[in-house]
Each structure stands twice: as C-alpha cells, then as structure tokens.
Amino acid sequence: MRSCRLFACLAALPLGRAHATSDPHVGPTTADGASLYAQYCALCHGAEREGHAADHAPSLRAPEMFESAPPAFLWYAVAYGRPGTAMAAFATEQGGPLSHDEQHVLLDWLEAQSGVTGKDLPDTPVRGDVERGETVYAERCAECHGATGQGGTAPALANPVLLATASDAFLRDTIARGRTGTPMPAFRGVLDESELDAVTAFLRSRAGGWAAPAPVVVNPPDPSSAIQNAKSPVAKLPVRQGRFVAAADVAAALAAKRRIVLLDARPLSDWQRGHLPGALPVPYYEGVERIVPHLPDDETPIVVYCACPHAASGKVVDALRAAGRTRTYVLDEGSLVWAAHGYPVAIGGAR
Ligand code: HEC
Ligand code: HEC
C-alpha cells in the first residue's frame, strides 16, 4: 500500500464547508477506483483516462501531472471542481456524489494507474517579467487556453481553484514539459528559460482575476491636513487602561464631525487599499519625526490603528508619546473589525 500524498483532505481547510444534513448518495461504499472512475469520470475524461472524450476534459493519465502536481491539486480539483467550467464539484459536502473515502480510493487508483510517483517540486515562487509573459501568452497560449484564460480546447488557466492549488513550480514544469499524449506541447526549447519564468509569473499575476487592474499608487495626503474637523468641538472618547479607545466611540465621533486625528500604522499598501476616513498613513516602520510637527498638542485625541489590532498601532503610539504627544490612543479593535462592523472606509486616495 503506497503512502497517501493527498494529505490536504485531512486538513480542515474551510473552502465553503456546507455539510449536507443527509447524504442523498447511496453509491457503493466499497467500490474500487476503476468502477468509481467508470461511473463518474469516464464520460468526459475518457474510458482510458486519455482525456477529451467530452468538454475538452484533460487527460488523467499524463505522467507529468502525477509527477509534479502538488499533493492537494488533484484532491481540490475533484472535491471542489473548477467553478465556471464543466468540471463539477464531486465531494458530498459540495452536493456531489463522492464520499471522502470514495474520493481517496478513486485518486489513489488514478495515481497508481499513472505509473509514476509524485516528486514534490520546491514550492518557491517563480519570478519573471510579467509584461513579457503577457506577450508570450498572447502569442503561444491564447489559441488553446483562451485570450483571457477562460479555457477553450484547453483548461481555463484563469480559474481561481486552479491558481489557488497549482504551485508556481508545477505551472512552470507543466509549461516546460507539456503533457504527454495531449495537445499540451512541451515549451522547453521553444521558449527560453526566462520566457518560461515570464509566462509563469504572468499566470500567477492573474490570480486576483484576469482583468484585475494594476494597483494605482496615489500620493498620501499632506501631513498638514492631519486634523479632521479642525473647527469643531473635540471628540470625547472614553479611554480604557489609559491607552485604548473603542471603534464604536470613534465611529460616533466621526459621524458627529468631532475634532480628531486618525493615523494608520500599517504599511502604505494597506492604506492604499482602504483606510478609516481621513486617516493619514504613518507606517510603523517609518518613525514619527515627519508627522509630529503637524500633530495637535492639545485636547484633540490622536487615534492610531492597525489591522492586528495592537502591535503596529502600539508601536506608533509609544513613539508619539515619547515625542510628547500624550493624547494618543490605540484603536482597540483594529481596522479589520472596524470594517466588519460596517463603519466607513475610504479607498485609495480618497479621504
Ligand atoms: C495546442 C493547444 C495548447 C497550447 C498552444 C498550449 N496549451 Fe496548455 N494545455 C493544453 C491542453 C489541452 C491542456 C490539458 C492537458 C490535457 O489535454 O490533458 C493544457 C494544460 C496546461 C496547463 C495545466 C492546466 C491544468 O489544469 O492542469 C498549463 C499550466 C498550461 N497548459 C499552460 C500553457 C501555457 C502557459 C501555454 C503557452 C506557453 C500553453 N499552455 C499552450 C493545450 C495547449
Ligand atoms: C462533465 C465532464 C466532466 C466530468 C464528468 C468530470 N470531469 Fe474532470 N474535468 C472536466 C473539465 C472540462 C476539466 C478542465 C476544467 C478547466 O477548464 O480547468 C476537468 C478537470 C479535472 C481535473 C484537473 C486536471 C488538470 O489537468 O488540471 C481533474 C483532476 C479531474 N477533472 C478529475 C475528474 C474526476 C476524478 C472525475 C470523476 C469523479 C471527473 N473529473 C469528472 C470535465 C469533467
């Protein structure tokens, strides 16, 4: 008995685990892999696992796939399917026909039939020139995989389940070696090594969606605009342990347009993605020298937040207090809870 490489199924990875209350499936619990395959998979993947019997389903016998796919790759493809393609989710917990044990039996059988064993490629990111990769993709790959990775005669490479479960090394290896007995050519020798890196990096860069726009980096606002509602009465915030203020009180003060300073202690990239209204970025790793001259030294509360919720904000508060700004507080819950409560968030350059 071979050892099972499909350990992912044992880890409780929460990918939409809506368990059916009753199992409508009354299939063979003792079925062997061959009959499970014949019943559920042969329709599209072919009687001999050769692929392309229907819906351009890929080969399930190409040795390259069984050699270099990460352990969880096949498990997830079968359990969760490839949403938006003909490959359905087969796990009972997704409403499919295969119990956990049956899926084990089936995948162990498929791997045994392939005649090869996995070689666990290193899971190190592949770096390459994404723009060059985009050109290579358009010239060499789009005809089969679709101009936007939507699939065609070949699998959808923009698929979120594929990109979440395929490692860079596996993608690169697939492109370099192709898939024996299928239309997927080996590109080693056709593309040079840096082009293989480039097209791999391009595929990875689509993980956020094929049309995901490149982030537009905006300049953060001028520190001289730190004080919000400068002419209004100060925000009165109850303080816990001389240090923490509650998200609900800060949200109420903002809604009432009270005078306040909000500082974002996270990396600038996080601030770009979304921040509390009017917050100025003061990344915890930058020091506070630049901002201190712009901060009020009166009753105005200065509230610092991060996501975590206290580490980065605590560091900035300590630095500000050391610089003589004592009405400095940590937002107790952090920005993630803030957003989860539905309190306002500004995006990018918006204040
Ligand atoms: C002539 C058609 C064709 C071309 C051109 C082609 N592929 Fe493929 N590719 C396929 C097919 C078909 C498969 C599925 C293998 C099978 O049929 O079993 C595949 C599989 C793959 C896979 C594995 C996907 C998975 O679900 O496991 C990757 C990654 C891939 N191709 C990348 C590329 C890249 C990148 C290029 C361009 C450099 C490219 N392919 C060019 C036909 C093609
Ligand atoms: C209705 C047709 C259909 C059936 C039935 C079907 N598949 Fe698929 N399968 C597909 C298609 C199409 C794809 C490629 C999807 C894509 O574009 O990414 C796929 C992809 C896969 C992949 C990923 C392979 C790769 O190269 O990335 C695996 C593994 C797989 N199927 C296994 C199975 C197993 C096991 C069964 C039976 C339990 C099964 N499929 C039943 C159509 C089907």
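Quantities reported herein were computed from a predicted structural model and do not represent experimental measurements. Just so you know, the residues in each chain are numbered from 1, in the order the chain's sequence is written. Naming scheme: in the order in which they are written, chains are lettered from A and ligands are numbered from 1. Per-residue local features of the predicted model are confined to residues with pLDDT of at least 70, and side-chain atom pairs are confined, for both listing and counting, to 80 or more; whole-chain, interface and lining totals are unaffected and use all residues. Here the side-chain values reflect all heavy atoms present in the structure, with hydrogen atoms and water set aside.

**Student:** Can you help me understand unusual backbone geometry in this one?
**Tutor:** Residues other than glycine predominantly adopt negative phi, and peptide bonds predominantly adopt the trans conformation. Residue C308 is joined to P309 through a cis peptide bond whose omega torsion reads 15°. Numbering of helices and strands runs from the N terminus, with a helix taken as a DSSP run of H or I at least four residues long and a strand as a DSSP run of E at least two residues long. Relative to the helices and strands, P309 is located in the loop between β5 (302-305) and α13 (311-322). In this structure, D120 is a non-glycine residue whose phi angle is positive, near 45°. If you trace the backbone, D120 turns up in the loop between α5 (100-114) and α6 (130-140).

**Student:** Could you clarify how one ought to interpret the confidence of the model for the protein chain in this entry?
**Tutor:** Where the model shows low pLDDT, its predicted coordinates should not be examined in detail. Model confidence for the protein chain is summarised by a mean pLDDT of 88, while 89% of its residues fall at 70 or above. Across the chain, each position has a pLDDT score giving the predictor's confidence in that residue, from 0 to 100. Two residues form a contact once any of their heavy atoms are found within 4.5 Å. Here residues 1-29 is a poorly scored stretch, pLDDT under 50, and it has 45 contacts once near neighbours within four places are set aside; other chains count.

**Student:** It is not clear to me how the site of ligand 2 should be interpreted in this structure. Could you clarify?
**Tutor:** Around ligand 2 there are 23 residues in total, and C41, C44, H45, M87 and A156 lie nearest to it. Any N or O atom pair separated by 3.5 Å or less is treated as a polar contact, with the protein-specific requirement of one donor-capable and one acceptor-capable atom, and with residues adjacent in sequence counted only for side-chain atom pairs. Within the backbone of A156, one N or O atom sits 2.8 Å away from an oxygen atom of ligand 2. Of all elements in the fold, only α2 (42-45) and α4 (71-80) reach the threshold of two or more residues within the shell around ligand 2. Among the elements that line the shell around ligand 2, the one with the most residues is α4, at four residues. Summary of the distance rule: residues count as near a molecule or strand when at least one heavy atom falls within 4 Å of that molecule or strand.

**Student:** Any chance you could explain the coordination of the iron atom of ligand 2 here in plain terms?
**Tutor:** Taken together, the protein donors to the iron atom of ligand 2 comprise H45 (NE2) and M87 (SD), at separations of 2.0 to 2.2 Å. Water is not part of the atom set, so a site may look incomplete; the donors themselves are N, O and S atoms within 2.8 Å of the metal, or 3.2 Å for Na, K and Ca. Only two sets of limits are used to name each site, 85 to 135 degrees for every angle of a tetrahedral four-donor site, and over 155 degrees for opposite donors with all other angles from 65 to 115 for a square planar four-donor or octahedral six-donor site, with any other site named irregular. Around the iron atom of ligand 2, the six donor atoms sit at angles spanning 85 to 179°, and that spread fits a shape best called octahedral. A residue pair is termed long-range when its members are at least 10 positions apart, and H45 in helix α2 and M87 in the loop between α4 and α5 qualify at 42 residues. Any residue under 20% of the maximum accessible area for its type is buried, any over 50% is exposed, and the rest in between are partly exposed; the area is computed with a 1.4 Å probe on protein chains only. The class for H45 is buried, based on a relative accessible area of 11%. For M87, a relative accessible area of 22% puts it in the partly exposed group.

**Student:** Got a minute to help me understand the packing of aromatic side chains in this structure?
**Tutor:** Each aromatic ring pair is specified by the distance between its two centres and by the angle formed by the two planes. Centre distance within 6.5 Å is the pairing criterion for rings of Phe, Tyr and Trp, where only the six-membered ring of Trp is used; planes under 30 degrees apart are then read as stacked, over 60 as edge-to-face, and the remainder as tilted. Applying the stated rule across the entire model yields seven aromatic pairs. Ring geometry for Y37 against W109: centres 5.6 Å apart, planes inclined by 40°, an arrangement best described as tilted. Of the two residues, Y37 is situated in helix α1 (residues 33-40) and W109 in helix α5; the sequence distance between them amounts to 72 residues. Sitting over the face of the ring of W109, R49 holds its NZ or CZ atom 5.9 Å from the ring centroid. Criterion for a charge above a ring: Arg CZ or Lys NZ at most 6 Å from the ring centre, at most 35 degrees from the ring normal.

**Student:** Help me out: how do you make sense of the environment of R321 in this one?
**Tutor:** By the element assignment, R321 lies in helix α13. Once residues within four sequence positions are removed from consideration, R321 is found in contact with G242, R243, T326, T328 and Y329.

**Student:** For this particular structure, what's the right way to read the coordination of the iron atom of ligand 1?
**Tutor:** Tetrahedral coordination by four donors places them ideally at 109.5 degrees to one another around the metal; octahedral coordination by six donors ideally gives 90 or 180 degrees. The coordination sphere of the iron atom of ligand 1 contains the protein donors H145 (NE2) and M184 (SD), at a distance range of 2.0 to 2.1 Å. Taken together, the six donor atoms surrounding the iron atom of ligand 1 define angles of 87 to 178° at the centre, an arrangement classified as octahedral. With a gap of 39 residues between them, H145 in helix α7 (residues 142-145) and M184 in the loop between α9 (168-177) and α10 (193-205) connect regions that are remote in the sequence. In this pair, the class of H145 matches that of M184, namely buried.

**Student:** Hey, could you run me through the site of ligand 1 in this one?
**Tutor:** Around ligand 1 lies a shell of 24 residues, among which S59, C141, C144, H145 and M184 are the nearest. Take S59: an N or O atom from its main chain is 2.5 Å from an oxygen atom of ligand 1. A distance of 2.7 Å separates a nitrogen atom of ligand 1 from a polar side-chain atom of H145. Elements supplying a minimum of two residues to the shell around ligand 1: α7 and α9. Examining the composition of the shell around ligand 1, we find that three residues originate from one element, α9, more than from any other. Each residue is assigned to one of three groups, with Ala, Val, Leu, Ile, Met, Phe, Trp, Tyr, Cys and Pro labelled nonpolar, Asp, Glu, Lys and Arg labelled charged, and all others, Gly among them, labelled polar. Of the residues that constitute the shell around ligand 1, the class distribution is 15 nonpolar, six polar and three charged.

**Student:** It is not clear to me how the nonpolar core should be interpreted in this structure. Could you clarify?
**Tutor:** Inside soluble globular proteins, nonpolar side chains tend to come together where they are buried. Formed by 45 residues in total, the largest nonpolar core has its most connected members in F73, Y137 and L203. Those elements that provide at least two residues to this core are α1, α3 (63-68), α4, α5, α6, α8 (160-165), α9 and α10. With eight residues, the single largest contributor to this core is α4. Here L203 is in contact with Y137, L157, L163, L171, I175 and W210, once residues within four sequence places are set aside. The term nonpolar core refers to a set of buried residues drawn from Ala, Val, Leu, Ile, Met, Phe, Trp, Tyr and Cys, joined through side-chain atoms within 4.5 Å.

**Student:** Just to check I follow, could you spell out the pairing of strand β6 (residues 328-331) for this structure?
**Tutor:** Within a regular beta strand, the side chains point alternately toward one face of the sheet and then the other, so they alternate between its two faces. Following DSSP output, two strands are said to pair if at least two bridges run between them. Note that strand β2 (residues 244-245) and β6 share two bridges and pair parallel. Bridged to F244 within β6 is V330. Regarding the hand of the β-α-β motif, the stretch spanning β5, α13 and β6 is right-handed. For crossovers, right-handed means that the path from the first strand over the helix to the second runs clockwise, given strands pointing away from the viewer.

**Student:** Explain the pattern of salt bridges here, please?
**Tutor:** Pairing between side chains of opposite charge can happen when their charged atoms approach one another. Salt bridges, as used here, are contacts in which a Lys or Arg side-chain nitrogen is within 4 Å of a carboxyl oxygen on Asp or Glu. In this structure the tally under the stated criterion is 14 salt bridges. In this structure, R266 engages D264 in a salt bridge whose closest nitrogen and oxygen atoms are separated by 2.7 Å. Comparing R266 with D264 shows no difference in burial state: the two are buried. The residue R327 makes a salt bridge to E299 at a minimum N-O spacing of 3.1 Å. Pair noted here: R327 is in the loop between α13 and β6 and E299 is in the loop between β4 (280-281) and β5, with a separation of 28 residues, a long-range link. Judged by relative accessible area, which is 34%, R327 ranks as partly exposed.

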